[in-house]
Amino acid sequence: MISHIDIRDFALIHRLSLDFYQGFHVITGETGAGKSILIEAVSLALGSRADTSFVRTGCEKAVIELTADTENPEIIALLRENGIETAQPMVFTREIFASGKSVCRINGTMVSVTFLNTLCRKLADIHGQYDHQSLLNPERHMDLLDRYGEGMIGEEKARTAELFRAYIKTKRELSELRKNAAERERQRDFMQFEWQEIDGAALSEGEDEELESRLLVLQNGERIYESLSRAYELFSEGEAPCVDMLGRGLACLREAESFSADAAAISRDVESSYYALKDAASEIRRLRDDMTFSQEELDQTQERLDVINRLKRKYGGSLEEVFAYKERLERDLELTESSEALQKELAGTLKKYKEGLLASSRRLSDLRKEAAKRIEERVNAELEELNFKDAEFRVHFGQKEGEIVLTEHGMDQIEFLIRSNKGETLKPLAKVASGGEISRIMLALKTAIGDCDRIPTLIFDEIDTGISGIAASVVGRKLRSIAENHQVICITHLAQIAAFGAHHYRIEKNEEKERTATTVTLLDKEETVREIARLLGGMNITETTLESARELLSFSEK
């Protein structure tokens, strides 16, 4: 809902600040006072194309700031997707520069006019000679029809959408399988060669590390043998072997054990070292005696490492990666072998989904056609009440048998068509030329579809063109009825319509400092009576016209 608009230096408007409320607003004023300028300003704030001619003469720019509240989840989602603050109320700012530049902002964030227009089409409809009318967009017609027939359509529509998603998923899987199968078939021989190469190497986990350790020993065998021999000689052989010297020292300490507790403690430590050194000397001798210098083993170890390193370089850099690559080869080879059977299975599943989707789409189409008959009857009745005696509204189903294109919405392509005069052909709503006709046709549609249309704010301009008397009262009553669930703003010249308004604004054109300026005033009850009287009798307001105005207001309240 629009709650406020602030306009600066726009056409005849110098400064204008205006509050709006829930319910039915009427805007009246003399011809040329600038009523349509106000709606044009709202339209620009909501994303229509800018024109530098709207900048007030002598000013650098025109600024329009519109404030609105909305709980529409689609609007909130659009804001979040584009990184725009979602705080309420939302503030839409439009700056039009005399130089030709135009700037759009939502909650302070600069946006493109295309994005602004897309978002605001979910916020307000402006009916008249404007392009900001959601009902003129055929893409919305199916959604409106489905909402109108929700009780009978909803379950089948959900089933159709579910079948479509399953159909598309299976179709994608089959396509991917066929594409990959063809590629795997071309690669089969190569994959088998690679698998056999890895499998034939008979690799074992950690084998490369063990071989590298063994190679290091083999490459340095002579040095290792000499080092072990020298160590053993120092520990157990030679003129003064360490083990013997440590044993003698231990014997001396044992002689002192019975006389000194300290000596006994030292003796135990030395004894531990003695046996450890003795064991170490034995292990050194074993290692020395086991040393071999086989050139054949060295060559074999080097060759095995070369095989392993080549496979590591080729298939991943480590033995773990080589094993993982081998597993992938096995899976791909298995898929290649089973691909044909799997393709047949998926093709059968796809056929079943398509048949189910087609059947569900046809049932959905039949249900829509039933709902279409009901909405056609309702809209045509509304049009007749609005003085369209020869008008006809139809819901057109554009898809032909044999040209079926299935989507998540079924098989239908729906568009609302209208003819406003006898002898004319049915045309899309957007082809209706007259702004007044468009406004009244939109009023008939809005009345018929009720709350199915979730646009919170409806603005009507030129709705009273070509009507008067009883027809005008019908229009006024319908606008007030719609305003029970929407915010409605209407520009009118007719007292019979204005009398139904809950909030009445008067637009006037005045001269300020030798310049013309448009002002807007929210009228109180007595001012409303006088404005209705002016609409009834012109500038010469008499007690008779005032009384007529009171009677009209009283009648509209019933």
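Please read all numbers here as calculations on a predicted model, not as lab measurements. (Residues numbered from 1 in each chain as written. Predicted model: local features only at pLDDT ≥ 70, side-chain atom pairs only at ≥ 80, totals over all residues. Heavy atoms only, no water.)

**Student:** Is there a simple way to think about the layout of surface pockets in this case?
**Tutor:** Any empty space left between atoms is shown by rolling a water-sized probe over those atoms. Size it by volume and the largest pocket reaches roughly 530 Å³. In terms of lining, the largest pocket is formed by 20 residues, of which the most central are Glu74, Arg121, Lys122, Arg140 and Ile455. Counting residues per element, the ones that place at least two in the lining of the largest pocket are helix H2 (73–81), helix H3 (113–120) and helix H4 (141–148). Residue composition of the lining of the largest pocket, by class: four nonpolar, six polar and ten charged. (1 Å grid on protein atoms, 1.4 Å probe; cavity = no way out; pocket = protein on both sides within 12 Å on 5 of 7 lines; lining within 4 Å. Points joined across faces, edges and corners; volume = space filled by probe spheres on them. Helix = DSSP H or I, 4+ residues; strand = E, 2+ residues; numbered from the N terminus. Nonpolar A, V, L, I, M, F, W, Y, C, P; charged D, E, K, R; others polar.)

**Student:** What should I look at first to understand the pairing of strand E4 (residues 61–68) in this one?
**Tutor:** Consecutive residues of a regular strand have side chains that alternate between opposite faces of the sheet. The buried fraction of E4 is high, at six of eight residues. Bridging between strand E1 (residues 2–10) and E4 involves six bridges; their strand directions are antiparallel. The residue of E4 that forms the bridge with isoleucine 7 is isoleucine 64. In the sheet, E4 pairs with strand E5 (residues 90–97) via eight bridges, with the strands oriented antiparallel. Across the sheet, residue valine 63 finds its bridge partner in E5, namely glutamate 95. (Buried < 20%, exposed > 50% of the residue type's maximum accessible area, 1.4 Å probe, protein only. Pairing = 2+ DSSP bridges.)

**Student:** Is there a simple way to explain the packing of H4 against helix H11 (residues 319–385) in this structure?
**Tutor:** Relative orientation and spacing of two packed helices are given, respectively, by the angle between their axes and the distance between those axes. Two numbers describe how H4 lies on H11: the axes approach to 9 Å, and their chain directions differ by 90°. In terms of orientation, H4 and H11 fall into the roughly perpendicular class. Contact with H4, carried on its side by Met142, Leu145, Asp146 and Tyr148, involves Arg368, Ala371, Ala372, Arg374, Ile375 and Arg378 of H11 and no other residues of that element. Within the contact of H4 with H11, the residues separate by chemical class into six nonpolar, no polar and four charged. (Axes fitted to C-alpha atoms, helices over the stretch in contact; angles between N-to-C directions. Parallel < 35°, antiparallel > 145°, perpendicular 65-115°, else oblique. Contact = heavy atoms within 4.5 Å.)

**Student:** For this particular structure, what's the right way to read the pairing of strand E3 (residues 24–29)?
**Tutor:** Extensive coverage of E3 is indicated by the burial of six of its six residues. Of the two faces of E3, both are covered, the one formed by Phe24, Val26 and Thr28 as well as the one formed by His25, Ile27 and Gly29. In the sheet, E3 pairs with strand E13 (residues 487–491) via four bridges, with the strands oriented parallel. In the strand pairing of E13, isoleucine 27 is matched with isoleucine 491.

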